[in-house]
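# Inside the fold
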Amino acid sequence: MDKKRALLNSLTSIGLRVVSVILNFFALRALVHMLGVDYQGFTQLFNSIFGVLTIVEVGFAGAIAFCLYDPILKEDKEKVAAYYHYLRRIYIVIGIIILASGAVAGALLPFLSKGAEVTWDIYLSYAAYLLGTGCVYFFSAKGTLLAAYKENYKKDLASSLATIVQHVLQIIFAYVYPNFLLFSSFSLVNLALQYVLLWAGTRNHKDIFQLSGTISPEEKKEVFKLIRGNLLHRISGIFANSLDTILISSVISVTVLGHYSNYATISTALVNVLGAGISAMVSVIGHAYKSQGKEAFKRYFDIMSMGGFLLSSVVYVGFAAASTPFVSFFYGSEFTEGWPLVLSLSTASFVNLYAWVSATFRDASGLFKEDMAVPVATAIAHLILKLSLVFAFGILGVTWANVIVYCLVSIPGTTYFLYKKVFATKFDMTCVFMILMPFLFLGEASLSLYLTSLFSLAPAAQFVANGFIGVGIAAAVSGGFCLCSKPTRRWGIGFTRKIFARSTQ
């Protein structure tokens, strides 16, 4: 596996997204303080609607990227060009469909915004966000090409820098001229900047753009086989993420969604940042899958499973302990929620982030064309549980539904197919850890919440103290369990020896 490129892609993705997320917090803080919490609710609702609309993409990017691994390894540039131009034409159609369907969905805003009045500026703000979302597809094929060449860092550089500029402008103008339409319109600046940066990032692939080629009927058939599986996983992802916000907004209220978003924005941002760092290695792992044996591929999975568990535990036990004082300090004490919501949201986010590990290996091996039963079962379970529990338990019903589905359907299902179809081996100690991990997390998070409730400090000091307690507990407990895994222990010993050898040279 190309470890240097994997590290570059992951660190670039995580580093830039961390900056973007921090600025997003300040942008939302300015929005809440200057215009009110309802506008944060509308922003979250818009994002969820657009998340549903992305189903139109149906997974072409992942399918084409997987098909590109072979011609890239063989340096068959004509075939690479054929796949690229094929995807570019499809993406133009997808962008038009998203813009048209998004315009129709805008008419439903009054029905999805319980307890809030949808005025003309809300409609225009929605239109600005829609343009920023739909028009990206007119040049997204360039990003897919970069990912297939293991140059995810260039793709992430373009999207993250554009987002950073957007948030900086939003923060400045929210205080200078507080207007939701102006706040939303900076998504168009993001769009223009992404185009320029992607164009610059793909200049060394100009020969691909100038070549032409054809895809055989068999190759198109293979693409659509991959797409069918990818589409189902996309639908499953929509039910797992976007459905939450839409249900809370339409069944409870936009105001409640705004309060919930103060926590959910943080947890979702952490999932997206760290998950993007994990998924940035898909192309590198995909190349390893094509060029190395199943034994090596399985070893990578064992190590990343344990590492993903440790990372997810540290992040979300820390989140469980420190999120309430952070919200109190950053937004105001009137926006804080009780420990039941914090525990349920932390657990749901933990299993969501952990699921990125198995999903990365699924995408890298092209398994998404064979495990189609998993996303179908996942989507059905999400729909049934969330519609049932939201009326009985409100937001807690939605968050615990996520935990149940991830732990009982999504993660076990993907892991089963990986072992059966890709690794061709029996279940082992890694599977045992994957069964135990939600119980370990609940124990760590509950202990952290109990210990941090025993003392009271100023919000900023409480945030720091709680964070240290939560992260310390997770690092000690989860780190100990990870060392029980032989592949992880061997990797850790080898890595430590290398570091020690370099330091003594």
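To be clear, the structure that these remarks concern was listed above.
Residues numbered from 1 in each chain as written. Predicted model: local features only at pLDDT ≥ 70, side-chain atom pairs only at ≥ 80, totals over all residues. Heavy atoms only, no water.

Counting secondary structure elements, the chain contains 21 helices and zero strands. Here the chain holds 505 residues, and the buried ones make up 55% of them. Contacts in the chain between residues far apart in sequence, at least 24 positions, make up 87% of those at least 6 positions apart. Roughly 21,500 Å² of accessible area belongs to the chain as shown, and the carbon and sulfur atoms make up 68% of that amount. (Helix = DSSP H or I, 4+ residues; strand = E, 2+ residues; numbered from the N terminus. Buried < 20%, exposed > 50% of the residue type's maximum accessible area, 1.4 Å probe, protein only. Contact = heavy atoms within 4.5 Å. Areas by Shrake-Rupley, 256 points an atom, 1.4 Å probe, with all protein chains shown as cover.)

A few words on helix H2 (residues 37-53). Residues three or four positions apart in an α-helix share a direction because the helix packs 3.6 residues into each turn. The terminal C-alpha atoms of H2 lie 25 Å apart, and with 17 residues this matches the ideal 24 Å at 1.5 Å per residue to within 8%. Of all 17 residues in H2, 13 are buried, a share of seventy percent or more. (Expected span 1.5 Å × (residues − 1).)

At a minimum axis distance of 8 Å, the contact between helix H15 (residues 294-330) and helix H20 (residues 459-482) shows a crossing angle of 165°. Here H15 is positioned roughly antiparallel relative to H20, judged by the angle of their axes. Judged by the twist between their axes, the crossing of H15 over H20 is right-handed. Here the residues of the contact of H15 with H20 sort into 18 nonpolar, nine polar and no charged. (Axes fitted to C-alpha atoms, helices over the stretch in contact; angles between N-to-C directions. Parallel < 35°, antiparallel > 145°, perpendicular 65-115°, else oblique. Left-handed = near helix turned anticlockwise from the far one by under 90°. Nonpolar A, V, L, I, M, F, W, Y, C, P; charged D, E, K, R; others polar.)

Once the charged atoms of two side chains with opposite charge are near each other, the side chains can pair. This structure, assessed with the given rule, holds three salt bridges. Asp 244 is paired through a salt bridge with Lys 386; the nearest N and O atoms lie 2.5 Å apart. Taken together, the residues span a long stretch of sequence, with Asp 244 in helix H12 (residues 242-252) and Lys 386 in helix H17 (residues 373-393) at a distance of 142 residues. With respect to class, Asp 244 is no different from Lys 386; both count as buried. (Salt bridge = Lys/Arg side-chain N within 4 Å of Asp/Glu carboxyl O.)

Looking now at the packing of aromatic side chains. Scanning all chains against the criterion turns up 24 aromatic pairs. Taken together, a centroid distance of 4.9 Å and an interplanar angle of 55° make the contact between Tyr 39 and Phe 180 tilted. Here Tyr 39 is found in helix H2, whereas its partner Phe 180 is found in helix H9 (residues 180-201), with 141 residues between them in sequence. By the ring-pair criterion, three or more aromatic residues cluster together here, those being Tyr 39, Phe 42, Phe 46, Phe 50, Tyr 126, Tyr 129 and Phe 180. A cation sits over an aromatic face here: Arg 29 above Phe 330, 5.2 Å from the ring centre. Lys 298 extends its terminal NZ or CZ atom over the ring of Phe 423, reaching a point 5.8 Å from the ring centre. (Phe/Tyr/Trp six-rings, centres within 6.5 Å; stacked < 30°, edge-to-face > 60°. Lys NZ or Arg CZ within 6 Å of the ring centre and 35° of its normal.)

A few words now on the packing of helix H16 (residues 339-364) against helix H18 (residues 395-423). Following both chains from N to C, one finds H16 and H18 inclined at 20°, their axes separated by 9 Å at the closest point. With respect to each other, H16 and H18 are oriented roughly parallel. Between H16 and H18 lies a crossing of left-handed hand. Considering only residue class, the contact of H16 with H18 consists of 16 nonpolar, eight polar and one charged.

Looking now at empty space enclosed by the protein. It is a probe the size of a water molecule, rolled over the atoms, that shows where empty space is left. Under the criterion given, the structure shown has two cavities of 30 Å³ or more. Reported here for the second largest cavity is a volume of approximately 50 Å³. Forming the boundary of the second largest cavity are Leu 31, Leu 35, Leu 169, Gln 170, Phe 173, Ala 174, Tyr 177, Pro 178, Asn 179, Leu 182, Phe 183 and Phe 186. Considering each element in turn, the lining of the second largest cavity owes the most residues, four residues, to helix H8 (residues 152-176). (1 Å grid on protein atoms, 1.4 Å probe; cavity = no way out; pocket = protein on both sides within 12 Å on 5 of 7 lines; lining within 4 Å. Points joined across faces, edges and corners; volume = space filled by probe spheres on them.)

On to the environment of Thr 378, then. For Thr 378, the location among the structural elements is in helix H17. Among the residues examined, Thr 378 registers a relative accessible area of 3% and is labelled buried. For the pair Thr 378 and His 233, spaced 145 residues apart in the sequence, the C-alpha separation amounts to 8.9 Å.

Our next topic: the nonpolar core. Ranked by internal contacts, the top residues of the largest apolar core, which has 131 residues, are Phe 46, Ile 49 and Phe 361. No other element matches the 15 residues that H15 contributes to this core. Here Phe 46 is in contact with Leu 109, Ile 122, Ser 125, Tyr 126, Tyr 129 and Phe 180, once residues within four sequence places are set aside. (Core = buried A, V, L, I, M, F, W, Y, C linked by side-chain atoms within 4.5 Å.)

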